[in-house]
Amino acid sequence: MLESSLLAPGNILGNRYEIVRELGRGGFGRSYLAIDRNKFSEKCVLKEFAPQIKTELIKAKELFEREAETLYKLKHPQIPAFRELLRVNDGGSESLLLVQDYIEGETYLARLNHRLKQQQLFSEAEVIQFCRDLLPVIDYIHRLGVIHRDISPDNIIYRDHDKLPILIDFGSVKEIAATVVSRYSNAKIATRIGKQGYAPDEQMLRGKVSTPSDLYAIVATALTLLTGRDASTIYSPADATWDWRKYIQLSPGFGAIIDRLLQHNPQDRYQSAAEVLAVLPAVNANYTADPALTRRLATNSTPIVRSNQISQLKTIEISPRSKAPVASQPTELAQRDPNEWKKPAWQVTKVMTVTLFTCLAISGVVKWVQAIDPVKMVKNQIDTTTAGIINSI
């Protein structure tokens, strides 16, 4: 890991990158905002790459360049470009820094937390548009054979100038970093790519990734934006089910799309982003959920705490094999009473029941009165009484 003095604001690395400030710290190292002095002073991000490595940096760099060849070829306006893997010498000690474009904006996790503070959530229409804007990016990387592996609210940035979602922090980079550390350091590591609740079971438990696993993560992210709850609190690993309808009302069409993309068996999901895009336009984006439910969800949700908006490779776990892997546990949102949503319905049911029985009682009295003639009944009673008096005389 580079000494702090070398990465102090104002210092220049590689005769090119001027450090502005630290952005955050993660499992592999620190991230910094810098200015590219050779490229019109454009902002970029420098991330320490595998700081555990103290030797064999040339081989490590060659391995990264070879394994990340496809990532360098990614040229999409909604993906930050990979610029280079920079070797930096600090008085005889070398380190590697991954250089990428910097995106002006905030993550969707940060946006959600801002809304929760105002007791607001993302609407269905907003989330559908979010999917429409992001799915073409997913389709692009999948056609190139790249699986992101770590899609979540804190790995998507809402870019300020055009309001589009930007996909950052590819899990494949983290996996390459793990390979580099394993091969060129003494550390014996255990790794896991993905976040609990967002990555499907086949990825978290067996390490298998595919295009449907990325699509699964997108709708898990969508549910977090809609409910204000971390996806791990909506999913039940015990029976592999999602109980999202307890927390949000969606239009039937969009709800059906979400259900299919969250199927436990990858083969039962949509198999491509293009398939999902084909059915999204048919969804009624003007559908409005119960405002009272939306307010209650926002009121009973608390911000999801993650340590940094810029990825710190925190979803890759590194630990000696002699020790248990350190679990990457996100701070869960506050739990709500699972029966709270039933209370208003029960109160309405009681009122309706009382009203129904009252109506039935009144109806029965009316029918009884109609069935008999009260005047005739009184007249007959008088005649009977009179006849009895006459017969007794």
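For the structure, see preceding data.
Summary of the structure given here. (Residues numbered from 1 in each chain as written. Predicted model: local features only at pLDDT ≥ 70, side-chain atom pairs only at ≥ 80, totals over all residues. Heavy atoms only, no water.)

Digging into the environment of Asp160
Within the secondary structure, Asp160 is located in the loop between β8 (156-159) and β9 (165-167). Asp160 gets classed as partly exposed once you look at its relative accessible area, which sits at 41%. Look past the residues within four positions of Asp160 in its chain and what remains in contact with it is Glu104 and Gly105. (Helix = DSSP H or I, 4+ residues; strand = E, 2+ residues; numbered from the N terminus. Buried < 20%, exposed > 50% of the residue type's maximum accessible area, 1.4 Å probe, protein only. Contact = heavy atoms within 4.5 Å.)

Topic: the side chain of Gln100
Mapped onto the elements, Gln100 comes out in strand β6 (residues 93-101). By relative accessible area, which is 8% here, Gln100 ends up buried. Once residues within four sequence positions are removed from consideration, Gln100 is found in contact with Cys44, Val45, Lys47, Pro80, Ala81, Phe82 and Arg83.

Brief notes about unusual backbone geometry
Phi angles above zero are rare outside glycine, and Ser41 is one such case at about 60 degrees. Along the chain, Ser41 falls in the loop between β3 (30-36) and β4 (42-49). By relative accessible area, which is 48% here, Ser41 ends up partly exposed. Look at Ala240: it is not a glycine, yet its phi comes out positive at around 55 degrees. On the accessibility criterion, Ala240 (25% relative accessible area) is partly exposed.

Focus: the sheet that holds strand β7 (residues 105-107)
Taken in spatial order, the 3 strands of this open sheet run β7-β8-β9, and their pairing is antiparallel. The open sheet terminates on both sides in strands that have one partner only, identified here as β7 and β9. Pairwise comparison of adjacent strand axes, ignoring direction, gives a mean angle of 35 degrees for this sheet. In the sheet, β7 pairs with β8 via 3 bridges, with the strands oriented antiparallel. Bridge assignment links Thr107 to a residue of β8, and that residue is Ile157. Packed on one face of the sheet, helix α3 (residues 108-117) meets β7, β8 and β9 and runs near 85 degrees to β7. Sitting on the sheet, helix α4 (residues 124-143) touches β8 and β9, and the angle it makes with β9 is about 25 degrees. (Pairing = 2+ DSSP bridges. Axes fitted to C-alpha atoms, helices over the stretch in contact; angles between N-to-C directions.)

Quick word on the packing of aromatic side chains
Under the counting rule described, the total for this entry stands at 7 aromatic pairs. A ring pair is formed by Phe64 and Tyr72, whose centres lie 6.2 Å apart and whose planes are at 80 degrees; its orientation type is edge-to-face. A single burial state applies to Phe64 and to Tyr72, both of which are buried. Ring geometry for Tyr108 and Phe130: centres 4.9 Å apart, planes at 55 degrees, overall tilted. Residue Tyr108 is found in helix α3, and its partner Phe130 is found in helix α4; the two are separated by 22 residues along the sequence. This pair shows no difference in class: Tyr108 is buried, exactly as Phe130 is. Following the ring pairs from residue to residue traces out a cluster consisting of Tyr108, Phe122, Phe130 and Tyr158. The cationic tip of Arg115 hangs over the ring face of Phe122; the distance from NZ or CZ to the ring centre is 4.0 Å. (Phe/Tyr/Trp six-rings, centres within 6.5 Å; stacked < 30°, edge-to-face > 60°. Lys NZ or Arg CZ within 6 Å of the ring centre and 35° of its normal.)

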